[in-house]
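A look at the structure
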Amino acid sequence: MRSWADYSPRNDLLDGRVILVTGATSGIGLAVSRDLVRHGATVVLHGRDAAALENVYNELKELGPEPVAAQLDLERAQGQEYQHLTDLIAERFERLDGLVHNAGILGDLSPIEHYDIGLWQKVMHVNVNAPFILTRCLLPLLHQSKDASILFTTSGVGNVGRAFWGAYCASKFATEGLAQVLADECENTSVRVNYINPGSTRTGMRRKAFPAEDPDTLPAPESITAAYLYLLGPDSAGMSGNRFEARSGKSTRKTVA
Ligand code: NDP
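One structure accompanies this document, and this report is about it. The model shown is predicted, which means the values in this text are computed figures rather than measured ones.

What counts and how
- Every residue gets a number counted from 1 within its own chain, in the order that chain's sequence is written.
- Local features in a predicted model are, by the rule used here, given only for residues with pLDDT of at least 70; side-chain atom pairs are given and counted only at 80 or more, and totals for whole chains, interfaces and linings are based on all residues.
- Calculated side-chain values reflect all of the structure's heavy atoms, with hydrogen atoms and water omitted.
- Centres within 6.5 Å are what make two rings of Phe, Tyr or Trp a pair, Trp counting through its six-membered ring; a difference in plane orientation under 30 degrees is then read as stacked, over 60 as edge-to-face, and the rest as tilted.
- Note on conventions: DSSP H or I runs of at least 4 residues are helices, E runs of at least 2 residues are strands, and numbering of each starts at the N terminus.
- Buried means the residue's accessible area, taken with a 1.4 Å probe over protein chains only, is under 20% of the maximum for its type, while exposed means over 50%, and partly exposed covers the values in between.
- Two strands are said to pair when DSSP picks up at least two bridges between them.
- A fitted line through C-alpha atoms represents every axis, and for helices the fit uses only the stretch in contact; the resulting angles, taken between N-to-C directions, go from 0 to 180 degrees.
- Two residues form a contact once any of their heavy atoms are found within 4.5 Å.
- Any residue with at least one heavy atom within 4 Å of a molecule or strand is counted as near it.
- Any pair of nitrogen or oxygen atoms within 3.5 Å is treated as a polar contact; in protein, a donor-acceptor pairing is required on top of that, and neighbouring residues in sequence qualify only through side-chain atoms on both sides.
- Accessible areas in this description were obtained via Shrake-Rupley with a 1.4 Å probe; residue shielding takes into account the shown protein chains only.
- Any Lys or Arg side-chain nitrogen found within 4 Å of a carboxyl oxygen on Asp or Glu counts as a salt bridge.

**Remarks on the packing of aromatic side chains**
Tallying each qualifying case throughout the model produces four aromatic pairs. Aromatic pair Tyr-7 and Tyr-230: ring centres 5.1 Å apart, planes at 75°, arrangement edge-to-face. Pair noted here: Tyr-7 is in the segment before strand E1 (18–21) and Tyr-230 is in helix H7 (residues 225–232), with a separation of 223 residues, a long-range link. Plain terms: the ring middles of Tyr-115 and Trp-120 are 5.3 Å apart, the flat faces sit at 85° to each other, and that makes the pair edge-to-face. Residue Trp-120 is classed as partly exposed on the basis of its relative accessible area of 27%. Grouped by ring-pair contacts, the aromatic residues Trp-165, Tyr-168 and Phe-210 constitute a single cluster.

**Re the environment of Glu-185**
For Glu-185, the location among the structural elements is in helix H5 (residues 166–185). Exposure remark for Glu-185: the relative accessible area of 58% places this residue in the exposed category. The sequence separation of Glu-185 and Asn-55 amounts to 130 residues, and the corresponding C-alpha distance is 38 Å.

**What to know about the sheet that holds strand E4 (residues 98–101)**
Sheets are built from strands paired through backbone hydrogen bonds, the pairs being either parallel or antiparallel. The eight strands lie next to each other as E3-E2-E1-E4-E5-E6-E7-E8, forming an open sheet whose pairing is mixed. Edge positions in the sheet fall to strand E3 (68–71) and strand E8 (251–253), since each has one partner strand and no second. With strand direction ignored, the average angle separating the axes of adjacent strands in the sheet is 20°. Note: E1 against E4, three bridges, orientation parallel. Considered in E4, the bridge of Leu-20 is made with Leu-99. Of the strands in this sheet, strand E2 (42–47) and E3 touch helix H2 (residues 50–60), which is tilted by about 160° from E2. Those strands touched by helix H3 (residues 79–93) are E1, E2 and E3, and its axis lies near 165° from that of E3.

**Focus: the site of the ligand**
Near the ligand there are 28 residues, and of these Arg-48, Leu-74, Asn-102, Tyr-168 and Thr-203 occur at the shortest range. Here an oxygen atom of the ligand sits 2.7 Å away from a polar atom, N or O, in the side chain of Arg-48. Between the ligand and Asp-73, the relevant distance is 3.0 Å, taken from a nitrogen atom to a side-chain nitrogen or oxygen of the residue. Expressed as a share of its isolated accessible area of 890 Å², the protein-covered part of the ligand is 89%. Put simply, the parts of the chain that give the shell around the ligand at least two residues each are helix H1 (27–38), H5 and helix H6 (204–209). Take the shell around the ligand: its biggest share by element is three residues, from H6.

**Quick notes on the pattern of salt bridges**
Using the criterion set out here, one finds 14 salt bridges in the structure. Glu-245 is paired through a salt bridge with Arg-243; the nearest N and O atoms lie 3.1 Å apart. A single network of salt bridges, built from pairs that share partners, joins Asp-73, Glu-75, Arg-76 and Lys-122.

In structure tokens:
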């Protein structure tokens, strides 16, 4: 594929697939969830805020298969709460066909020398440890799927360091490492693992990082969902270990020599 502009997903692309999206209550996660439902997926909507989650559930149930709401604060959740989420999916569906690790936080833009240590730990926990724990809990259910797709979210600073991006930058490097290790471990199984860089997108996180920027100059989250549909659906079956750019459709792959 040369670009996502060449990709036109059919309406029933994701029929019968059960896909969990973290951070589904705003920004990119919300736009992706809407499009997954529209294309036939049963989406497990993850969020930390009960009221926001209910609003999204009510909106999305009108668009396609009834979604499931799953509340979990990735900063504070303990083992029992991860187990509860795992049990919910196991009891309802007995498998999971897609897992989109989208939730994340920016932390502060600050030099390492002054970076708040508690905030550093929080960013690493929400952006790296929580996706690891969730993946570890859900892998048995993903292995029950004939074609499971795990998608991690990286960033423009996920493989190149940039001054002042501190914990966020380090967490995205770690995300890419986690995705690469898991892709290698899942080779020759029905589980594939890729990671995606959304690129600059008009969301709350982008606004926090670039407060002086005019948001109208940025693409909306709705304009990048094709990449997610492609990577979560059957058209990308067998693809694993790749880094994708949501905007251009370019992909790169790192392999062990
Ligand atoms: P948003 O801030 O709009 O969305 C982040 C999501 O993560 C929200 O739904 C938020 O929930 C959720 N979240 C944050 N903390 C927690 C927590 N403790 N527990 C549960 N959920 C939590 O940002 P984006 O949509 O822009 O970001 C989505 C992903 O894309 C992130 O991984 C980000 O790093 C990445 N990205 C974004 C880019 C951009 O330009 N926008 C560029 C490159 C990468 P709540 O609404 O309750 O806060």
